[in-house]
Amino acid sequence: MDKFKEMKKFGHEQLVFIHDKTSGLKGVICIHDTTLGPALGGTRIWDYKNEDEAVYDVMRLARGMTYKNSAAGLNLGGGKAVIIGDASKIKSETLFRAFGRYVQSLNGRYITAEDVNTTTKDMDFVKMETDFVVGLEGKSGDPSPITALGAFHGIRATLQYKFKNEEIGKYSYAIQGVGKTGFYLMDYLIEAGAKKIYFTDINKTKVAAVKTKYPDAIYVEPDAIYSQDVDVFVPCALGGILNDKTIPLLKAKAVAGVANNVLEDEIAHSKLLKERKILYAPDFVINAGGVINVYHELHGYNKENVLNDIKKIYDRLLEIFKISDLENTDTQSAANIFAEQRIKQIHNVRGNYIIK
Ligand code: NAD
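Residues numbered from 1 in each chain as written. Predicted model: local features only at pLDDT ≥ 70, side-chain atom pairs only at ≥ 80, totals over all residues. Heavy atoms only, no water.

Asks: What am I meant to see in the overall build of the protein here?
Replies: The number of helices and strands found in the protein is 13 helices and twelve strands. Scaling as 2.2 N^0.38, a compact globule of 356 residues should have a C-alpha radius of gyration of about 21 Å, and the protein matches this with 20 Å. The dimensions of the protein, computed from C-alpha atoms along their principal axes, are 55 × 50 × 40 Å. A burial count over the protein gives 54% of its 356 residues as buried. By sequence separation, contacts in the protein at least 24 residues apart represent 66% of the contacts at least 6 residues apart. Carbon and sulfur atoms form 51% of the exposed surface of the protein, whose accessible area is close to 16,700 Å². Both charge centroids of the protein, one from 47 positive and one from 45 negative side chains, sit 2 Å from each other. (Helix = DSSP H or I, 4+ residues; strand = E, 2+ residues; numbered from the N terminus. Rg over C-alpha atoms; globule rule 2.2 N^0.38 Å. Buried < 20%, exposed > 50% of the residue type's maximum accessible area, 1.4 Å probe, protein only. Contact = heavy atoms within 4.5 Å. Areas by Shrake-Rupley, 256 points an atom, 1.4 Å probe, with all protein chains shown as cover. Lys, Arg positive; Asp, Glu negative; His and termini not counted. Charge placed at Lys NZ, Arg CZ, Asp CG, Glu CD.)

Asks: Could you clarify how one ought to interpret the pairing of strand 7 (residues 172-176) in this entry?
Replies: When a strand is regular, its side chains alternate between the sheet's two faces. With respect to burial, strand 7 is a largely interior element, five of its five residues being buried. Taking every second residue as pointing to the same face, both faces of strand 7 are buried, with Ser172, Ala174 and Gln176 on one and Tyr173 and Ile175 on the other. Inspection of the sheet shows strand 7 paired to strand 8 (residues 196-200) by five bridges, in the parallel sense. Bridge pairing in strand 8 links Ile175 to Phe199. Between the parallel pair strand 7 and strand 8, the chain is carried across by helix 7 (residues 180-191), and the sense of this crossover is right-handed. (Pairing = 2+ DSSP bridges. Right-handed = clockwise from strand over helix to strand, strands pointing away.)

Asks: Sorry if this is basic, but what is going on with the site of the ligand here?
Replies: By nearness alone, 19 residues border the ligand, and Thr147, Lys180, Thr181, Asp201 and Ala237 come closest of all. At 2.6 Å from an oxygen atom of the ligand is found a side-chain nitrogen or oxygen belonging to Thr181. Within the backbone of Val258, one N or O atom sits 3.4 Å away from an oxygen atom of the ligand. Taken by itself the ligand offers 830 Å² of open surface, and the protein chains cover 77% of this. (Near = heavy atom within 4 Å. Polar contact = N/O pair within 3.5 Å; in protein donor to acceptor, adjacent residues only side chain to side chain.)

Asks: Teacher, can you tell me more about helix 6 (residues 144-163) here?
Replies: An α-helix turns once every 3.6 residues. As a result, residues three or four positions apart point the same way. End to end, helix 6 covers 28 Å across 20 residues, agreeing with the expected 28 Å (1.5 Å per residue, within 8%). The buried fraction of helix 6 amounts to 16 of the 20 residues, a majority that puts the element mostly inside the structure. A positive backbone phi angle near 60° is found at Lys164, which sits one or two residues after helix 6. (Expected span 1.5 Å × (residues − 1).)

Asks: Whenever I open this one, the sheet that holds strand 10 (residues 232-235) confuses me. Can you help?
Replies: Sheets are built from strands paired through backbone hydrogen bonds, the pairs being either parallel or antiparallel. What the six strands build is an open sheet, ordered 9-8-7-10-11-12; its pairing is parallel. Looking at strand neighbours, the two that pair on one side only are strand 9 (218-219) and strand 12 (279-280), the edges of this open sheet. As defined by bridge partners, strand 7 adjoins strand 10 across four bridges and the pair is classed as parallel. Bridge pairing links Ile175 to Val234 in strand 10.

Asks: Would you take a moment to explain the environment of Lys206 for this structure?
Replies: If you trace the backbone, Lys206 turns up in helix 8 (residues 204-213). By relative accessible area, Lys206 is classed as partly exposed at 36%. For the pair Lys206 and Ile286, spaced 80 residues apart in sequence, the C-alpha separation works out to 24 Å.

Asks: Looking at this structure, I do not really get the domain arrangement of the protein. What am I missing?
Replies: Parsing the protein into structural domains produces domain 1 (3-64 + 76-127) and domain 2 (144-341). Spacing between the C-alpha centres of domain 1 and domain 2 amounts to 28 Å. (Domains from an automatic or database assignment.)

Asks: Help me out: how do you make sense of the pairing of strand 4 (residues 43-46) in this one?
Replies: Sheet analysis places strand 4 next to strand 5 (residues 77-84), joined by four bridges and oriented parallel. Across the sheet, the residue bridging to Thr43 is Ala81, located in strand 5. Taking the sense of rotation as the criterion, the β-α-β connection linking strand 4, helix 2 (residues 51-71) and strand 5 turns out right-handed.

Asks: Would you explain the packing of helix 9 (residues 266-275) against helix 13 (residues 331-349) in this entry?
Replies: When two helices pack together, their arrangement is given by the angle between their axes and by how far apart the axes lie. One can describe the packing of helix 9 onto helix 13 by two numbers: an axis separation of 7 Å at closest approach and a directional angle of 125°. Classed by the angle they form, the pair helix 9 and helix 13 counts as oblique. Every residue of helix 13 that contacts helix 9 at Glu266, Ile267, Ser270 and Lys271 is listed here: Thr331, Gln332, Ser333 and Asn336. (Axes fitted to C-alpha atoms, helices over the stretch in contact; angles between N-to-C directions. Parallel < 35°, antiparallel > 145°, perpendicular 65-115°, else oblique.)

Asks: Would you mind going over the packing of helix 6 against helix 12 (residues 303-326) with me for this structure?
Replies: Their axes nearest at 9 Å, the elements helix 6 and helix 12 cross at an angle of 35°. In this structure, helix 6 meets helix 12 at a crossing whose hand is right-handed. Counting all contacts with helix 6, which are made through Ile146, Leu149, Gly150, His153, Gly154, Arg156, Ala157, Thr158, Gln160 and Tyr161, the residues of helix 12 involved are Lys303, Val306, Leu307, Ile310, Lys311, Ile313, Tyr314, Leu317, Leu318, Phe321, Lys322 and Asp325. (Left-handed = near helix turned anticlockwise from the far one by under 90°.)

The following block contains the structure:
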């Protein structure tokens, strides 16, 4: 992999290779773009097959965070870190503290948080060595209910744009995955009077928990969730689930949920949804509740301020849907335009000289 070529192609600012002799820490920190502020993104542990795979992944994820943070209206750039190895074997206090020291050495250009295979407890060790970590226990806490609330506002915006009416109770929903976020989202929808809810999960314990709490919710087998005759398909499980095979099965008129990387091919499948007149709420916009929540840790965490910011997901989605109509493009491309425009505009605003 020609790393400089790749950095030039996508505008990455910095790639940092880290190694610690004592703990065996081996990782890469990537800062994509800091126009809007320090690069924020979580630390993922993954057993990559080789170095190139790790570098490719961290660069892709860091760039994704630039778009997510910009579209969320935050004064943050995009970054990410990966630690290479089997999470069940390599985790230790020493490893996370060694990692924390490298984060500190970047002097605030990169702020880390938990991600796949890391927890808030791991971040407590990171915190012992750096000021630049968020999402800690006892601070912003579990992001799942806030992420679900953001998606709830996003569903309202999607209904408003699609049907010119956002009354949750008038519509039916098919929820894929009732884990940490899916279950909370179901709570919000049912509380708001959702007409009918179909749901699925591959985990029988989770299915049973939903059946106990909401006997009227209708369970369907995992493969059957796509073809339910509902208004909104709500993905809350894995990525890559909407593709050439599943999109033709959809009867829903809109897709809006919390799952990351819902579309197998971002642009091709966003276009396919548009062709089928299914309104797609871009994942990185509708699921930004978690990052908005941790962002507030940087400014003295206040729940009321967080909830106000979470509500803005509604307005942002409406703006993105409008861009998609004006530019006659799919909604994923419109979300990219929206994020890029904000970065460009703030960069220009900061171009004039003032004494700070
Ligand atoms: P989770 O693991 O708690 O829940 C996912 C659920 O999906 C599980 O119950 C799992 O059994 C189920 N599932 C997996 N494969 C399935 C399949 N093929 N069919 C049906 N169900 C299936 O995870 P979560 O935290 O709720 O996150 C869900 C999605 O939302 C992920 O894509 C995640 O990246 C994204 N997300 C989460 C947050 C957050 O705050 N937790 C923030 C942003 C994005």
